[in-house]
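# Structural characterization, general
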2 protein chains.
Amino acid sequence: MIPFDDRGLLLGDGLFETLLAVDGAPIDLVAHLDRMAAGCAAVGLPDLDRAKAAGAIARAVQELGAERAAVRLTLTAGSGGRGLDRPQPPVIRLFATAAPAPAPTAPARLATAAARRNEGSPASRWKTLAYLDNVLARREALAAGADEALMLNNRGEVACAGAANLFWTTGGRLLTPALDCGVLAGVMRGRVLSAARAMGVETIEVAAPRAVLDEAEALFLTNSLIGVRPVGELDGRAFGPSPLVEALARAA
Amino acid sequence: MIPFDDRGLLLGDGLFETLLAVDGAPIDLVAHLDRMAAGCAAVGLPDLDRAKAAGAIARAVQELGAERAAVRLTLTAGSGGRGLDRPQPPVIRLFATAAPAPAPTAPARLATAAARRNEGSPASRWKTLAYLDNVLARREALAAGADEALMLNNRGEVACAGAANLFWTTGGRLLTPALDCGVLAGVMRGRVLSAARAMGVETIEVAAPRAVLDEAEALFLTNSLIGVRPVGELDGRAFGPSPLVEALARAA
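In this description, an aromatic ring pair is defined by two values, namely the gap between the centres and the angle between the planes. Here the structure, examined in full by the defined rule, presents six aromatic pairs over all chains. Summarising the aromatic geometry, the rings of A:Phe95 and B:Phe4 are spaced 4.3 Å apart at their centres and angled 35 degrees between planes, so their arrangement reads as tilted. With A:Phe95 in strand 4 (residues 93-100) and B:Phe4 in the segment before helix 1 (7-11), this pair bridges two chains. Against the face of A:Phe16 rests A:Arg72, its NZ or CZ located 3.9 Å from the ring centre.

In structure tokens, the structure reads:
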């Protein structure tokens, strides 16, 4: 339980990580702790206690006992301070929960949402507790009969999905929005970029208007729970299977 | 205490109100409940239970027993759902806390922050739990030796302060950013606009670049706790007292 004066609850002042654990072992644990630690530095919170974070994750996974677990590690700026101003120093609150991981799903059906990513906030590059814009984008997508949102930023550039990074292929090249488009530096995003380069595929991080996706050959989503998930439809346009996407899914 | 699976805590999925209570009586209670109810509709949450909200506020004020109390009413989307998707229907969690109201302060010293308001999200017009951008903007202002942030939106237009609306005067007219600049529809903002019109002052809600403030005669901030607070300094430029601002402060 969390007290009423927790800044994560009151202001979204904190960070989280979502990761997969298979047979009790968290996947890419170091990369997730690295990102949370970098997020702490970016938003001015004290250094992450990695041992405590890893211990909380291990306990949550063990208690659940599932073969495939979705783990959420949550860090808040703790209690108190007056209004927006944190106490000095903040006393971090850290906890982890686990649930059975969602089953692999069919290709995603995307709809472009009106709610935008905030490329002008440093928080848009990190996995913060202030995630309401993405909740609203997902709501729009569900209302449109899709199951995930395509989010643009305020410049109209392609950013990401509600809970995933976005990639597309054109002419054998692999493209994804640059981080300064208001994009989370996803752990699986990084793995896919590395895997593509190792396969000799040209990769481009780009600021691209929405119209660029009309020329794309294939689209896919990535996050640590779903890995690589093909997009079967975007705003009513259908996409078929792609050998390149399938090869990346195996390699990442 | 709040459970670990609360969506306000995990995702910033909720709303809040901050209001003043004097001698046990909440000021502008109906306007604050109206705004929270409108916010619920805007972000797709169930209708606000006004009686429950008013009761929580009354209990918090009574328990504190202060002559002037700062009351915070917090509403979350409740527990559960999977990832971004809310349970259907969400079961709202609602609570209020009270603290002695901050004493009236000296004129504000503002510094323009790099962190931007997200004019492209419907959430930017409401008082949501996803308030981290404003926390970060305030941090920047404090680091710059100021005590409050001036926030622009991604188009570079003037939006608001970290925890207040912003007004300025030019040639006897009163200006404030339009709501679609990514601005909270503040209760005190509305009172000041009404008071100005009643005094025969021309009011303009405007999309204005930062440079417009270099031509301003006086600046001030508003929120329900501070009322009208003059700005004494913006990015090192000093502002003296303004008879128009003082008149508005008395009238609002």
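Right, picking up where we left off after that structure.
Residue and element names in this part refer to chain A. For the pair helix 2 (residues 29-42) and helix 3 (residues 50-64), the least separation of the axes is 11 Å and the interaxial angle reads 130 degrees. In this view, helix 2 runs oblique relative to helix 3, as classed from their interaxial angle. Considering the relative orientation of helix 2 and helix 3, their crossing is right-handed. The segment helix 2 lies against helix 3, with Leu29, Val30, Leu33, Asp34 and Ala37 engaging Arg50, Ala53, Ala54 and Ile57.

Attention now moves to the pattern of salt bridges. Residues and elements named next belong to chain A. Under the definition given, this model contains 30 salt bridges over all chains. In this structure, aspartate 34 engages arginine 50 in a salt bridge whose closest nitrogen and oxygen atoms are separated by 2.8 Å. One end of the pair, aspartate 34, is in helix 2; the other, arginine 50, is in helix 3, and 16 residues separate them in sequence. Using a relative accessible area of 37% as the deciding quantity, one classes aspartate 34 as partly exposed. Residue arginine 50 is classed as partly exposed on the basis of its relative accessible area, which comes to 37%. Here the salt bridges do not stand alone but share partners, grouping Arg7, Asp13 and Arg86 into one network.

Residue and element names in this part refer to chain A. Spatial strand order, 2-1-3-4: four strands in an open sheet with antiparallel pairing. Either end of the sheet is taken by a strand with one partner, and the two such strands are strand 2 (25-26) and strand 4. As judged from the nine bridges shared by strand 1 (residues 14-22) and strand 3 (residues 68-76), these two strands associate in the antiparallel manner. What sits directly across from glycine 14, in strand 3, is threonine 76.

The rules behind the values
- Residues numbered from 1 in each chain as written.
- Chains lettered and ligands numbered in written order.
- Predicted model: local features only at pLDDT ≥ 70, side-chain atom pairs only at ≥ 80, totals over all residues.
- Heavy atoms only, no water.
- Phe/Tyr/Trp six-rings, centres within 6.5 Å; stacked < 30°, edge-to-face > 60°.
- Helix = DSSP H or I, 4+ residues; strand = E, 2+ residues; numbered from the N terminus.
- Lys NZ or Arg CZ within 6 Å of the ring centre and 35° of its normal.
- Axes fitted to C-alpha atoms, helices over the stretch in contact; angles between N-to-C directions.
- Parallel < 35°, antiparallel > 145°, perpendicular 65-115°, else oblique.
- Left-handed = near helix turned anticlockwise from the far one by under 90°.
- Contact = heavy atoms within 4.5 Å.
- Salt bridge = Lys/Arg side-chain N within 4 Å of Asp/Glu carboxyl O.
- Buried < 20%, exposed > 50% of the residue type's maximum accessible area, 1.4 Å probe, protein only.
- Pairing = 2+ DSSP bridges.

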